[in-house]
Amino acid sequence: MFDVLHAPLVFQRVMQEARSHGRRIALVPTMGALHEGHLALVDLARKLADTVAVSIFVNPTQFGPHEDLARYPRDLESDVKQVQGRGADLVFAPEPESMYPHGEETRVRVGPLAAPLCGAFRPGHFEGVATVVGKLFALSGPCTAIFGRKDYQQLLIVKRMAQDLFFPVTIAAHPIVREQDGMAMSSRNRYLSAEDRQRAVGVPRSLHLAHEAFQRGERRPQVLAALCQSELERTTDRIDYAELVDPDRLTPLLSCDFERALLAVAAHVGMTRLIDNVILGEDPAPLARLM
Ligand code: AMP
């Protein structure tokens, strides 16, 4: 029977009960304001496990003081309907006070994977993420947890945390789900005005241009990054970064001698910060459906 739970210890008991009946649990952690990108993760979870739990929690500890915590979109009723429609078994939607009963006394420290890219612009963000994901793992004891490649750095950090802290969970990664025009789906896309939404396509287009050059044989990291940057300069209001890095360690790629490279970008359009990425040498072109 489908359920919506709010109390962490009740969620923990229900998950323990499910495991005691031999059920494999898949967890899909989200911050709500769900879209097809999230629902694709739920579909994958459904294939991988017997019990699918979706957490919906706008985690305050991963937002910086000047970020969008207060205005982050929240729509629990519609979220619950959507995940129920996709065959999830349970939604866990706690209040911040119940997830942090002693404030944030205990926090997961993350290593060098959190230093570059978004980590450089959002101090403390990934520690907030790792801490809340650790709590969700401890509450639900999942066999599998599903994360999207849209938040590529987060995915690597969560994988590393699960290894280092010996959480008995397999992290499954889902490819980026895009709109028809190539924009990566995101809850934050709701902030964009119609005009900004049009400019925002510059973000996937910037990745696409570098991807095309890579396909034509271009390997110079500075050239690939510059192609991406100039499109972002043309279309967005401010660039946080547009970098070519090693897809496993997130260290800068400096030579032309690579098989795969992560091209990751973050840029602001109006009041909205957008992130996107592509793995050159592995992923299809971001705007493939338009070609
Ligand atoms: P969020 O609610 O934004 O914290 O995202 C929850 C999970 O959904 C994270 O693992 C995200 O990477 C994933 N996700 C969000 N948008 C997309 C997308 N467009 N494609 C794939 N995964 C996504």
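Just above sits the structure.
Here the structure is a predicted model, which means the values were calculated and not measured.

Cut-offs applied
- Residues numbered from 1 in each chain as written.
- Predicted model: local features only at pLDDT ≥ 70, side-chain atom pairs only at ≥ 80, totals over all residues.
- Heavy atoms only, no water.
- Pairing = 2+ DSSP bridges.
- Helix = DSSP H or I, 4+ residues; strand = E, 2+ residues; numbered from the N terminus.
- Axes fitted to C-alpha atoms, helices over the stretch in contact; angles between N-to-C directions.
- Contact = heavy atoms within 4.5 Å.
- Expected span 1.5 Å × (residues − 1).
- Buried < 20%, exposed > 50% of the residue type's maximum accessible area, 1.4 Å probe, protein only.
- Near = heavy atom within 4 Å.
- Polar contact = N/O pair within 3.5 Å; in protein donor to acceptor, adjacent residues only side chain to side chain.
- Areas by Shrake-Rupley, 256 points an atom, 1.4 Å probe, with all protein chains shown as cover.
- Nonpolar A, V, L, I, M, F, W, Y, C, P; charged D, E, K, R; others polar.
- Core = buried A, V, L, I, M, F, W, Y, C linked by side-chain atoms within 4.5 Å.
- Salt bridge = Lys/Arg side-chain N within 4 Å of Asp/Glu carboxyl O.

A. The arrangement of the sheet that holds strand E9 (residues 261–269) in detail. Reading across the sheet, the 3 strands line up as E8-E9-E10 and stay open at both edges, with antiparallel pairing between neighbours. Every interior strand has two partners, whereas the edge strands, strand E8 (238–245) and strand E10 (272–280), have only one. Strand-to-strand twist of the sheet, defined as the mean angle between neighbouring strand axes without regard to direction, takes the value 10 degrees. Relative to E9, E8 is paired through 7 bridges, and the arrangement is antiparallel. Among the inter-strand pairings, alanine 242 is bridged to a residue of E9, identified as valine 265. In this fold helix H9 (residues 202–215) packs onto E9 and E10, with an angle of close to 15 degrees to the strand it touches most, E10. On top of the sheet, helix H10 (residues 221–235) reaches E8, E9 and E10; it is set at about 160 degrees to E8, its chief contact.

B. Focus on helix H6 (residues 125–140). Spanning 16 residues, H6 covers 23 Å between terminal C-alpha atoms, matching the ideal 22 Å at 1.5 Å per step. In terms of residue burial, H6 counts as a mostly covered element, since 13 of its 16 residues are buried. Looking one or two residues beyond H6, the residue adopting positive phi is glycine 141, at roughly 50 degrees.

C. Spatial organisation of the site of the ligand. Around the ligand, the structure places 17 residues, and the nearest of them are His38, Gly148, Asp151, Val177 and Met185. Glycine 148 has a polar backbone atom sitting 2.9 Å from an oxygen atom of the ligand. Between an oxygen atom of the ligand and a side-chain N or O atom of aspartate 151, the distance comes to 2.7 Å. Compared with its free state, where it exposes 480 Å², the ligand has 93% of that area covered by protein. Within the residue set of the shell around the ligand, elements represented by two or more residues are strand E2 (25–30), helix H2 (36–48) and strand E6 (144–148). A total of 3 residues in the shell around the ligand trace back to one element, the largest contributor, which is H2. For the shell around the ligand, the residue count by class is 9 nonpolar, 6 polar and 2 charged.

D. Region of interest: unusual backbone geometry. Backbone geometry places leucine 117, a non-glycine residue, at a positive phi of 50 degrees. Locating leucine 117 in the fold gives a position in the loop between strand E5 (101–104) and helix H5 (118–121). In this model, leucine 250 sits at a positive phi of 65 degrees, which is unusual for a non-glycine residue.

E. Layout of the nonpolar core. Grouped together as the largest cluster of nonpolar side chains are 45 residues, with contacts concentrated most on Phe11, Phe137 and Ile171. By residue number, the principal contributor to this core is H6, which donates 8 residues. Listed in part, the 24 residues of the second largest apolar core include Leu232, Phe258, Val265 and Val269.

F. Here's a closer look at the pairing of E10. Counted residue by residue, E10 has 9 buried out of 9 residues, so it is predominantly covered. The alternating pattern of E10 places Thr272, Leu274, Asp276, Val278 and Leu280 and Arg273, Ile275, Asn277 and Ile279 on opposite faces, both of which are buried. In textbook terms, the turn of a hairpin is the stretch between consecutive antiparallel strands, and for E9 and E10 this stretch comprises 2 residues, one of which, glycine 270, has a positive phi near 60 degrees.

G. A look at the side chain of threonine 235. Looking at the element boundaries, threonine 235 is found in helix H10. Once you skip the residues sitting within four places of it in the chain, threonine 235 turns out to touch Arg199, Gly202 and Arg205.

H. Main features of the sheet that holds strand E1 (residues 3–5). Strands sit in the order E1-E4-E3-E2-E6-E7 across an open sheet of 6 strands; the sheet is parallel. On the outer flanks of this sheet lie E1 and strand E7 (170–174), each paired with one strand and no other. Taking each pair of neighbouring strands and ignoring which way they run, the sheet shows an average axis angle of 25 degrees. Where E1 lies against strand E4 (residues 90–92), 3 bridges are found, and the strand directions are parallel. Across the sheet, residue leucine 5 finds its bridge partner in E4, namely phenylalanine 92. Contacts from helix H3 (residues 76–85) reach E1, strand E3 (51–56) and E4, with the element oriented near 160 degrees to E3.

I. Looking closely at the pattern of salt bridges. One pass over the full model with this rule turns up 21 salt bridges. Of the charged contacts in the structure, one is a salt bridge between glutamate 282 and arginine 149, with a shortest N-O distance of 3.9 Å. You can see glutamate 282 sitting in the segment after E10 and its partner arginine 149 sitting in the loop between E6 and helix H7 (152–164), a full 133 residues away along the chain. The partly exposed category is assigned to glutamate 282, whose relative accessible area is 40%.

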